[in-house]
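# Breakdown of the fold
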Number of protein chains: 2
Amino acid sequence: MQSDDRRDLAAMMYPVVRALLAVEQPVLDAHGVAMWGYSVLTALDRTPIRTQAALAEAIGADKTRIIGTLDDLQDAGLITRTPDPDDRRARLLAITAEGRRVRRAITAGIRSREERLLSRLPATDRRGFVRALTELSALPPGDLADLAEAPVSGSPPSPA
Amino acid sequence: MQSDDRRDLAAMMYPVVRALLAVEQPVLDAHGVAMWGYSVLTALDRTPIRTQAALAEAIGADKTRIIGTLDDLQDAGLITRTPDPDDRRARLLAITAEGRRVRRAITAGIRSREERLLSRLPATDRRGFVRALTELSALPPGDLADLAEAPVSGSPPSPA
DNA sequence: CGCAATCATAAGCAATAGCCTACGATCAAC
DNA sequence: GTTGATCGTAGGCTATTGCTTATGATTGCG
């Protein structure tokens, strides 16, 4: 029924993602922010977060590995990290006005470059593409992970 | 003009790609083929290739790092690697009947799992999504890389 | 023939990622 | 107040990746 003669989704998406990341890098460099730092800024620009662990989870990073990133951002005055008076273990995380400014500048730079990629697409496909991505990335976090939960049919590997 | 209120493309695509790769892994494991091996099989299933360097470039891998992969595939009888009689430095690479069989089984497994992801999307967006990806991945290889070549506007980082 | 280039291969190096453990500070529950 | 859990932080371990160099076999050019 499916004359679905295309390559695997991952095989097609992977090079595109790589290219996009490469595209972002110079923009990030120009603002002295690392990729993870930018990820943190976008998360905090949406809403402040109460603990670093929660932040890490929100951006899909490792709890122990964003510390350096947070240090950098704080040193640069882009975020604040204040001990929660109600629970002095936790650090209230928030973006600063400057952080917001930088984040927006970076996003603008990235957008204009993404434009050069998207402009290759027919308007209809482009709309569907962006919309599909928006929907997929709006899925509850677990939903994506759950996809790997199906029985595998087919012949087993040569007997170990 | 652009009320373009979405996240960055890379930020949206990255988790999806990760999920897709995670989805593929069990299928690959069930057939005893590594990710790179599968990539090689799909490339060779399209057309035989004359040198390993050309293959590496075709699948975006490192020339020196696919050797082990090729060894494995050859040992498993999925590909042949015969010295080119016309240029004994080169190895003619081709997929075997068994390799083709395995590759198709893997692809089928992956497809059925991708289906579970794509089924989340409205038909229109889904079509646009797949078509956009197909178009993007059909671009001449250099075109994607060239996207990173624009001047970066915005304020520079704090003076080093 | 002799030289430079090409191919497959082996080996190493630096950076990064994911993962895990440990530890001090703090809190909540009892 | 003692116990157990949570939070931030530090450190280490392993696997992977991109990149580089070196080597032997082979080719094509002059």
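## Section: the overall build of chain A
For chain A, the helix and strand inventory stands at seven helices and two strands. When the helices and strands of chain A are placed in sequence order, the string is α-α-α-α-β-β-α-α-α. Looking at chain A as a whole, 42% of its 160 residues are labelled buried. A fraction of 49% describes how many contacts in chain A between residues 6 or more apart in sequence connect residues 24 or more apart. Summed over its atoms, the accessible surface of chain A is roughly 8,700 Å², and 53% of this surface lies on carbon and sulfur atoms.

## Comments concerning helix α2 (residues 35-46) of chain B
Residue and element names in this part refer to chain B. Taking 1.5 Å of rise per residue, the twelve residues of α2 would be expected to cover 16 Å, and the 17 Å separating its terminal C-alpha atoms lies within 8% of that figure. Buried within α2 are the following residues: G37, Y38, V40, L41, T42, A43, L44 and D45. Its buried side turned inward, α2 meets α1 (9-30), α3 (52-58), α4 (67-75), β1 (79-84), β2 (87-95) and α5 (97-118).

## Observations concerning the pairing of β2 of chain B
Residue and element names in this part refer to chain B. In this structure, β1 lies alongside β2, joined through six bridges in antiparallel fashion. Residue pairing for β2: D84 is matched across the bridge by D87. Between the antiparallel neighbours β1 and β2 lie two residues.

## Overview of the pattern of salt bridges
This structure, assessed with the given rule, holds 22 salt bridges over all chains. Linking D45 of chain A and R100 of chain A is a salt bridge whose minimum nitrogen-to-oxygen distance equals 2.6 Å. Within this pair, whereas D45 of chain A is found in helix α2 (residues 35-46), its partner R100 of chain A is found in helix α5 (residues 97-118), the two being separated by 55 residues in sequence. A salt bridge links R111 of chain A to D8 of chain B, with the nearest nitrogen and oxygen atoms 3.6 Å apart. Taken as a pair, R111 of chain A in helix α5 and D8 of chain B in the segment before α1 lie in two separate chains rather than in one. The exposure class assigned to D8 of chain B is buried, which follows from its relative accessible area of 5%. One salt-bridge network, held together by shared partners, links R6 and D8 of chain A together with R111 and E114 of chain B.

## Considering the protein's contact with DNA strand C
Among the 18 residues in the neighbourhood of DNA strand C, the closest are listed as R65 and R89 of chain A together with Q52, R81 and R89 of chain B. Backbone sugar and phosphate groups make up 55% of those atoms of DNA strand C lying within 4 Å of the protein. Residue R18 of chain B places a side-chain N or O atom 3.5 Å away from a phosphate oxygen belonging to DNA strand C. R81 of chain B places a polar side-chain atom, nitrogen or oxygen, 2.9 Å from a phosphate oxygen of DNA strand C. When residues of the surface near DNA strand C are traced back to their parent elements, those giving at least two are β2 (87-95) of chain A together with α3 and β2 of chain B.

## Considering the protein's contact with DNA strand D
Surveying the vicinity of DNA strand D reveals 17 residues, the closest of which are Q52, R81 and R89 of chain A together with R65 and R89 of chain B. Close to the protein, within 4 Å, the atoms of DNA strand D belong to sugar or phosphate groups at a rate of 55%. The separation between a phosphate oxygen of DNA strand D and a polar side-chain atom of R18 of chain A is 3.2 Å. At a separation of 2.4 Å, a base oxygen of DNA strand D approaches a polar side-chain atom of R65 of chain B. For the surface near DNA strand D, the secondary structure elements donating two or more residues are α3 (52-58) and β2 of chain A together with β2 of chain B.

## What to know about the nonpolar core
Membership of the largest hydrophobic core comes to 32 residues, with the highest contact counts inside it found for M13, F129 and L133 of chain A together with M13, F129 and L133 of chain B. Of all the secondary-structure elements, those providing two or more residues to this core are α1 (9-31), α5 and α6 (123-137) of chain A together with α1, α5 and α6 (123-137) of chain B. F129 of chain B has contacts with M13, G128, F129, A132, L133 and L136 of chain A together with L118 and L121 of chain B, leaving out every residue within four places of it along the chain.

## Considering the packing of aromatic side chains
Per the stated rule, a full pass over the model turns up one aromatic pair over all chains. An angle of 20° between the planes, with centres 5.9 Å apart, marks the rings of F129 of chain A and F129 of chain B as stacked. Separated into two different chains, F129 of chain A in helix α6 and F129 of chain B in helix α6 make up a pair that spans both.

## Observations regarding the side chain of T107 of chain B
Along the polypeptide, T107 of chain B turns up in helix α5. A relative accessible area of 8% places T107 of chain B in the buried class. Residues within four places of T107 of chain B in sequence aside, it is in contact with D8 of chain A together with Y38 of chain B.

## Quick look at the environment of D62 of chain A
All names here are of chain A. Tracing the chain through its elements places D62 in the loop between α3 and α4 (67-75). By relative accessible area, which is 40% here, D62 ends up partly exposed. Polar side-chain contacts of D62 include one of 2.7 Å to the backbone nitrogen of T64.

## Quick look at the environment of E98 of chain A
Residue and element names in this part refer to chain A. Within the secondary structure layout, E98 lies in helix α5. A residue is classified by how much of its surface remains accessible, and E98, at 35% relative accessible area, is partly exposed. Each residue touching E98, except ones within four places of it in the same chain, is listed here: G77 and L78.

The rules behind these values
Residues numbered from 1 in each chain as written. Chains lettered and ligands numbered in written order. Predicted model: local features only at pLDDT ≥ 70, side-chain atom pairs only at ≥ 80, totals over all residues. Heavy atoms only, no water. Helix = DSSP H or I, 4+ residues; strand = E, 2+ residues; numbered from the N terminus. Buried < 20%, exposed > 50% of the residue type's maximum accessible area, 1.4 Å probe, protein only. Contact = heavy atoms within 4.5 Å. Areas by Shrake-Rupley, 256 points an atom, 1.4 Å probe, with all protein chains shown as cover. Expected span 1.5 Å × (residues − 1). Pairing = 2+ DSSP bridges. Salt bridge = Lys/Arg side-chain N within 4 Å of Asp/Glu carboxyl O. Near = heavy atom within 4 Å. Polar contact = N/O pair within 3.5 Å; in protein donor to acceptor, adjacent residues only side chain to side chain. Core = buried A, V, L, I, M, F, W, Y, C linked by side-chain atoms within 4.5 Å. Phe/Tyr/Trp six-rings, centres within 6.5 Å; stacked < 30°, edge-to-face > 60°.

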